[in-house]
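Here is what each chain is made of, one letter per residue.
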Amino acid sequence: MKKISGNIIDVHKKNIFPAEIFIRDGKIHSIEKRENAAGVFILPGLIDAHIHIESSMLTPGSFAREAVRHGTVATVSDPHEIANVTGIAGVEFMIEDARKVPVKFFFGAPSCVPATSFETSGASLSPEDIKTLLRRDDILYLSEMMNFPGVIYNDSDVLEKLKAAALSGKPVDGHAPGLTGADLQKYVEAGISTDHECSDLNEALEKIKLGMKILIREGSAARNLNALKPLLRSHPQMVMLCSDDLHPEMLRDRHLNKLVSQLIREGYDLFDVLRAVTLNPVSHYSLPVGLLRKGDYADFIIVDNPESMNIIETWIDGHPVFTDGEAKFSYNHGEPVNNFNCSFISTGDILIKNQLKSLRVIEAMEGELLTGELFWNSKDEVIHPDISQDILKIVVKDRYKDSKPATGFIKGFGLKQGAFASSVAHDSHNIVAIGTNDADIVNAVNAITQMRGGLAVSFGNKLNTLKLDVGGIMSTDECNTVADRYQQLSGLVRSFGCTMKAPFMTLSFMSLLVIPSLKIGDRGLFDVTRFTPVSLFL
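Here's a quick rundown of the structure. (Residues numbered from 1 in each chain as written. Predicted model: local features only at pLDDT ≥ 70, side-chain atom pairs only at ≥ 80, totals over all residues. Heavy atoms only, no water.)

Turning our attention to the layout of surface pockets. Here the largest pocket is characterised by a volume of approximately 410 Å³. Phe148, Pro177, Gly178, Leu179 and Pro516 are, among the 26 residues lining the largest pocket, the residues nearest its centre. Among the elements that take part in the lining of the largest pocket, helix H5 (residues 148-152) stands out by supplying three residues, more than any other. Of the residues contributing to the lining of the largest pocket, the split by class is 13 nonpolar, six polar and seven charged. Computed from the structure, the second largest pocket encloses a volume of approximately 330 Å³. Where the lining of the second largest pocket is concerned, the elements lending two or more residues are H5 and helix H6 (156-168). If one sorts the elements of the lining of the second largest pocket by residue count, H6 sits on top with three residues. Split by residue class, the lining of the second largest pocket holds eleven nonpolar, seven polar and three charged. (1 Å grid on protein atoms, 1.4 Å probe; cavity = no way out; pocket = protein on both sides within 12 Å on 5 of 7 lines; lining within 4 Å. Points joined across faces, edges and corners; volume = space filled by probe spheres on them. Helix = DSSP H or I, 4+ residues; strand = E, 2+ residues; numbered from the N terminus. Nonpolar A, V, L, I, M, F, W, Y, C, P; charged D, E, K, R; others polar.)

Here is the structure:
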């Protein structure tokens, strides 16, 4: 029998009291109140309600060793990214890797692989594949239904996947940025119960009114906490906190613990905040995670105080997995999976001849996945980037076969020299590059092809790279190694004039064809609002 003493934070009865916790066989045997206790606080472990582990560029095992430092005991994880690269084999890789560590990873069946039919991905999950996944006990839900037009316009495959989830009794996550009115109502009536894409309070309130739970996202690229945190006062039972996409340098610095600390210091109710990262996700997804009650799994954290949320110890299933400043479990990664079949490109492949018409230009914005659309005219016979106007060239190369790259133009990155590229390119994870000149763009793209996945920065004859050997989107190295190299490359891009705080993260969403309004996939420009391909020239 193990015994832990401290001030218990009871998220059910909204009470704090001194007590001793007695643990037997991984569960809480009893909780006995005392007159006083050690000057620490014990509360349920934190749960990220929606995250793509792949976006940390770490395997689940490496992610776990870093996350327990921040009091994370569980995640609701969508393996959508690796599934777009390698299909069910990628989902199985994530599940098997997660089993090597004590953190509780709860995976969903990726509903949109590929995200759209207007791009090339490495795999496709049919309704039958989804049914197979949903029959598994280690698949707890249907992952975010990104194809909201498919729901609205009765796409047969989409409806079959939603029906399979309903028959399985498992919840369905949503993804519906900006969706309102009758279209939103139809989306919700299809059985979709959450949304993590709200960036506006009124949008969130409309979705809550229809019964949706709002997952407030604060990640590396999209940060909506400040806009949506009033929901914790008006509708606390309808709110959870999530990261969605969290890059390695941010994971090293914080996870949900710092968000909790910030909200409590700002005066939000302690219990409402803690419920958003404990009770609410457990209840919504029926997670087998303990909540500090007799008979629960002994999943809890010990902190100095709730306002700072400095983690002293993290316990999972009755075992201390983080204490004395370090993770108390080992991890060895399995055999990497990948899917990379393209060859090198040349400058001739991305040359754009002027048609003496206006060009569509993607407008990128700091801290937003949303993009705008601008129009630009060039008098040059061959159109080159115009650095003075911050109009750069953007290229997407299909990495699954040898097709000609798609080329367009983009504004908002501020790059003054060189180019940078990545095979982390949502959602199909082709190679995406932005640059000031064709030679550097080609060098960066070809460097990624040679590595079979990773990040690259090119300037003149100099190349700096980070290899991602798992699906071209994750590394088998530990968090510190990946975070350090990622920060070096990001800093190098910023030294070239880029004004984006997270240039690689923002770059990775420029090919995401389900977030409005103008994006670019491996087949060309795409108008997400109208959900149709569009030409470069008007």
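Next comes the rest of the description.
The next thing to look at is helix H1 (residues 60-67). An α-helical segment advances 3.6 residues per turn. Residues three or four places apart therefore align on the same side. With seven of its eight residues buried, H1 lies for the most part within the structure. Of all the positions in H1, only Pro60, Gly61, Ser62, Phe63, Ala64, Glu66 and Ala67 are classed as buried. Looking at the buried residues of H1, the elements they touch are strand S5 (46-51), strand S6 (72-77), helix H3 (88-98), strand S7 (104-109), helix H11 (248-253) and helix H16 (479-495). (Buried < 20%, exposed > 50% of the residue type's maximum accessible area, 1.4 Å probe, protein only. Contact = heavy atoms within 4.5 Å.)

Position of Val337 relative to the elements: it lies in the loop between strand S16 (326-327) and strand S17 (359-363). Val337 sits 152 residues away from Leu489 along the chain, and the two C-alpha atoms are 24 Å apart. With residues up to four places along the chain from it excluded, the contact list for Val337 reads Ile82, Thr86, Phe93, Asp469, Val470 and Gly471.

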